[in-house]
Amino acid sequence: MTSQNPIFIPGPTNIPEDLRKAVDMPTIDHRSPVFGRMLHPALDGVKKVLKTSRAQVFLFPSTGTGGWETAITNTLSPGDKVLAARNGMFSHRWIDMCQRHRLDVAFVETPWGEGIPAERFEEFLRADKGHEIRAVLATHNETATGVKSDIAAVRRALDAAGHPAMLFVDGVSSIGSMDFRMDEWGVDIAVTGSQKGFMLPPGLAIVGFSEKAMAAVEDAKLPRTFFDIRDMATGYARNGYPYTPPVGLINGLNIACERLLSEGLEHVFARHHRIASGIRAAVEAWGLKLCAARPELYSDTVSAIRMPEGFDANRFVSHALETYDMAFGTGLGEVAGKVFRIGHLGSMTDAMALSGISVAEMVMADLGLPIRLGSGVAAAQEHYRQSTVTALRKAA
Ligand SMILES: *Cc1c(COP(=O)(O)O)cnc(C)c1O
């Protein structure tokens, strides 16, 4: 690989130089106090990013998918009922995992491009008089469609129905990039991974368990060994792991949290919003539409852009890679071939976003789509100029 182009897939994301260095370290004795001095600050950093003071954080050598499995196997038993919405590939896969673990999944089929229907959840929860639903599963940001859901609204649905189910949130493509409030939203399990908002290579499942989720662990009967958080908690109390920890990634996570917290989480979110708004301005200038149905659903971490009817969106992605050495995301599942995706999360700047927009224009022009070169770039430039000026004025 010789290219220094930024990457525009929605994860793994671009790795900043300081994090690349932090991950690359000599072997240490992971059963010595040296490891504890890395582990505990990383756990504390994640708690701050999740905005929780009460949850316990666990780091598994795995990915976001392993985080889903950690959530369900530690808290549920075969036959337990869970409630979910299927509105994209990631929510679909979590539902599929639950079914393979013999959970009884009640799910609301939701059009791809829509968010979690909190009102429908409330109806289900009110109708469940015997409180059989043990957990509500919510995908905060559907990475396949670029749709952000309202987790506070899901919490309100649970509270309005007076239902005691736990709330499990997949925040793999939102945590560390978009506002996430574990304690305030009453999230019982938050799931993410190292390779998106934390800007690290893949390899860590990052989960936060509330006190209520911790209380469910002893009675949960789903089989688990590798992902048993009780073994992990015992390890942490001794500055170690029940097996060999991915030391470099944990060191990197510690530095990644410092990086996010020193920029300031609210500034990180504002930066993502600004960059995403510029990309959306470009999409509008191109005369194209997002997969996300309405502005309040627009994700600040990934945009799924609909290609004209009859045009295979995969051609966009392969041409961009072959001709300009730039990686964009393909469409997944029901929107495969219909959309391409621009990932704009993690280590991302205006200048990087402009490079992606400009290459996207060249690709569309090459493929004969009716695009005027520079139209999207100009729209984004205007947005970035204005929002930068505004930000400077506010600071003054
Ligand atoms: C990337 C992603 C996942 C899957 O994570 P892996 O690390 O690939 O296992 C799950 N959910 C969402 C919303 C994602 O974006």
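On a predicted model such as this, the values are computed, not experimentally measured, just so you know.

> Where do I start with the overall build of the chain in this structure?
What the chain contains, in helices and strands, is 13 helices and 12 strands. Taken against the 2.2 N^0.38 rule, which gives 21 Å for 396 residues, the C-alpha radius of gyration of the chain at 21 Å falls within 12% of a compact globule. Overall, the chain is about 60 × 55 × 45 Å in size when its C-alpha atoms are taken along their principal axes. For the chain, the proportion of its 396 residues judged to be buried stands at 58%. A sequence separation of at least 24 residues applies to 73% of the contacts in the chain between residues at least 6 apart. By element, 53% of the accessible surface of the chain is carried by carbon and sulfur atoms, the whole surface being about 16,400 Å². Here the chain holds 41 positive side-chain charges and 44 negative ones, and the gap between their average locations is 2 Å.

> So what exactly am I meant to see when it comes to unusual backbone geometry here?
Trans is the prevailing form of peptide bonds, just as negative phi is the prevailing case for residues other than glycine. A cis amide bond links glycine 11 to the next residue, proline 12, at an omega of -5°. Within the secondary structure layout, proline 12 lies in the segment before α1 (17-23). For histidine 131, which is not a glycine, the phi torsion comes out positive at approximately 55°. Summarising the element assignment, histidine 131 is placed in the loop between α5 (118-127) and β4 (133-139). The partly exposed category is assigned to histidine 131, whose relative accessible area is 36%. The backbone phi angle of asparagine 239 is positive, close to 60°, even though this residue is not glycine. Residue position: asparagine 239 is located in the loop between α8 (229-237) and α9 (247-263).

> Just checking my understanding: could you explain the packing of helix α11 (residues 313-324) against helix α12 (residues 350-366) for this structure?
A pair of packed helices is characterised by two quantities: the angle between their axes and the separation of those axes. Contact geometry of α11 with α12 gives a least axis separation of 10 Å together with a crossing angle of 110°. The orientation of α11 relative to α12 falls into the category roughly perpendicular. Contact with α11, carried on its side by Phe316, His319, Ala320, Thr323 and Tyr324, involves Val359, Ala360, Met362, Val363, Met364 and Asp366 of α12 and no other residues of that element. Looking at the contact of α11 with α12, its residues break down into 8 nonpolar, 2 polar and 1 charged.

> Quick question: what am I supposed to make of the site of the ligand here?
Neighbouring the ligand are Thr63, Gly64, Thr65, Trp68, Phe90, Asn141, Thr143, Asp170, Val172, Ser173, Gln195 and Lys196. With respect to the ligand, the side chain of threonine 63 contributes an N or O atom lying 2.5 Å from an oxygen atom. Between the ligand and the protein, one listed contact pairs an oxygen atom with a side-chain N or O atom of glutamine 195 at 2.6 Å. It is helix α3 (residues 64-75) that provides the largest number of residues to the shell around the ligand, a total of 3 residues.

> Please clarify how the pattern of salt bridges should be interpreted in this entry.
Any two side chains of opposite charge can pair, so long as their charged atoms come close to each other. By the definition in use, this model includes 24 salt bridges. Where glutamate 334 meets arginine 86, a salt bridge forms, and the shortest distance between an N and an O atom there is 2.6 Å. Of the two residues, glutamate 334 sits in the loop between α11 and β12 (339-343) while arginine 86 sits in strand β2 (residues 81-86), which places them 248 residues apart along the sequence. Judged by relative accessible area, glutamate 334 falls into the partly exposed class, the value being 43%. Given a relative accessible area of 12%, arginine 86 falls into the buried group. With a closest N to O distance of 2.9 Å, arginine 120 and glutamate 123 form a salt bridge.

> Got a minute to help me understand helix α6 (residues 151-160) in this structure?
Note on helix geometry: an α-helix contains 3.6 residues per turn, so any two residues three or four positions apart are oriented the same way. The element α6 is largely enclosed, with a buried count of 7 among its 10 residues. Residues of α6 that are buried include every one of Ile151, Ala152, Ala153, Val154, Arg155, Ala157 and Leu158, and no others. Residues of α6 that are buried in the fold lie against α5, β4 and β7 (166-170). N-cap assignment for α6: the residue whose side-chain oxygen lies 3.2 Å from the backbone N of alanine 152 is aspartate 150.

> Could you clarify how one ought to interpret the side chain of glutamine 195 in this entry?
Its place among the elements puts glutamine 195 in the loop between β8 (189-193) and β9 (204-209). Setting aside anything within four residues of it in sequence, one finds glutamine 195 in contact with Gly11, Pro12, Thr13, Leu200, Pro201 and Pro202.

> Mind showing me how you'd approach the environment of leucine 332 here?
Here leucine 332 lies in the loop between α11 and β12. On a C-alpha basis, the gap between leucine 332 and phenylalanine 90 in space is 9.4 Å, while along the polypeptide they are 242 residues apart. Residues within four places of leucine 332 in sequence aside, it is in contact with Met89, Phe90, Trp112, Ala144 and Arg341.

> Is there a simple way to explain the nonpolar core in this structure?
Nonpolar side chains in soluble globular proteins tend to be buried together. By size, the foremost hydrophobic cluster in this structure holds 94 residues, and its most contacted members are Leu59, Phe198 and Leu253. Considering every element that reaches this core, the biggest residue donor is helix α2 (residues 33-50), with 8 residues. Excluding its chain neighbours within four sequence positions, the residues that come into contact with leucine 253 are Ala42, Val46, Leu59, Phe198, Leu200, Leu204 and Ile206. Core analysis: the next-biggest nonpolar cluster, separate from the first, contains 33 residues, Ile275, Ala313, Phe328 and Ile371 among them.

> Could you clarify how one ought to interpret the pairing of β8 in this entry?
Side-chain direction in a regular strand flips from residue to residue, so the side chains alternate between the two faces of the sheet. For β8, the buried fraction is high: 5 of the 5 residues fall into the buried class. Judged by which residues are buried, β8 turns out to be covered on both faces: Ile189, Val191 and Gly193 on one side and Ala190 and Thr192 on the other are all buried. Relative to β9, β8 runs antiparallel, the two being bridged by 5 bridges. The residue bridging isoleucine 189 from the neighbouring strand is phenylalanine 209, located in β9.

> Hey, could you run me through the sheet that holds strand β10 (residues 289-290) in this one?
Two modes of strand pairing occur in sheets, parallel and antiparallel, and in both the strands are linked by backbone hydrogen bonds. On the basis of which strands lie adjacent, the open sheet formed by 3 strands has the order β10-β11-β12 and antiparallel pairing. Strands with a single pairing partner mark the edges of an open sheet, and in this sheet they are β10 and β12. Here β10 runs beside strand β11 (residues 302-306); their pairing, made up of 2 bridges, is antiparallel. Residue pairing across strands places leucine 290 opposite isoleucine 305, the latter belonging to β11.

The rules behind these values
- Residues numbered from 1 in each chain as written.
- Predicted model: local features only at pLDDT ≥ 70, side-chain atom pairs only at ≥ 80, totals over all residues.
- Heavy atoms only, no water.
- Helix = DSSP H or I, 4+ residues; strand = E, 2+ residues; numbered from the N terminus.
- Rg over C-alpha atoms; globule rule 2.2 N^0.38 Å.
- Buried < 20%, exposed > 50% of the residue type's maximum accessible area, 1.4 Å probe, protein only.
- Contact = heavy atoms within 4.5 Å.
- Areas by Shrake-Rupley, 256 points an atom, 1.4 Å probe, with all protein chains shown as cover.
- Lys, Arg positive; Asp, Glu negative; His and termini not counted.
- Charge placed at Lys NZ, Arg CZ, Asp CG, Glu CD.
- Axes fitted to C-alpha atoms, helices over the stretch in contact; angles between N-to-C directions.
- Parallel < 35°, antiparallel > 145°, perpendicular 65-115°, else oblique.
- Nonpolar A, V, L, I, M, F, W, Y, C, P; charged D, E, K, R; others polar.
- Near = heavy atom within 4 Å.
- Polar contact = N/O pair within 3.5 Å; in protein donor to acceptor, adjacent residues only side chain to side chain.
- Salt bridge = Lys/Arg side-chain N within 4 Å of Asp/Glu carboxyl O.
- Core = buried A, V, L, I, M, F, W, Y, C linked by side-chain atoms within 4.5 Å.
- Pairing = 2+ DSSP bridges.

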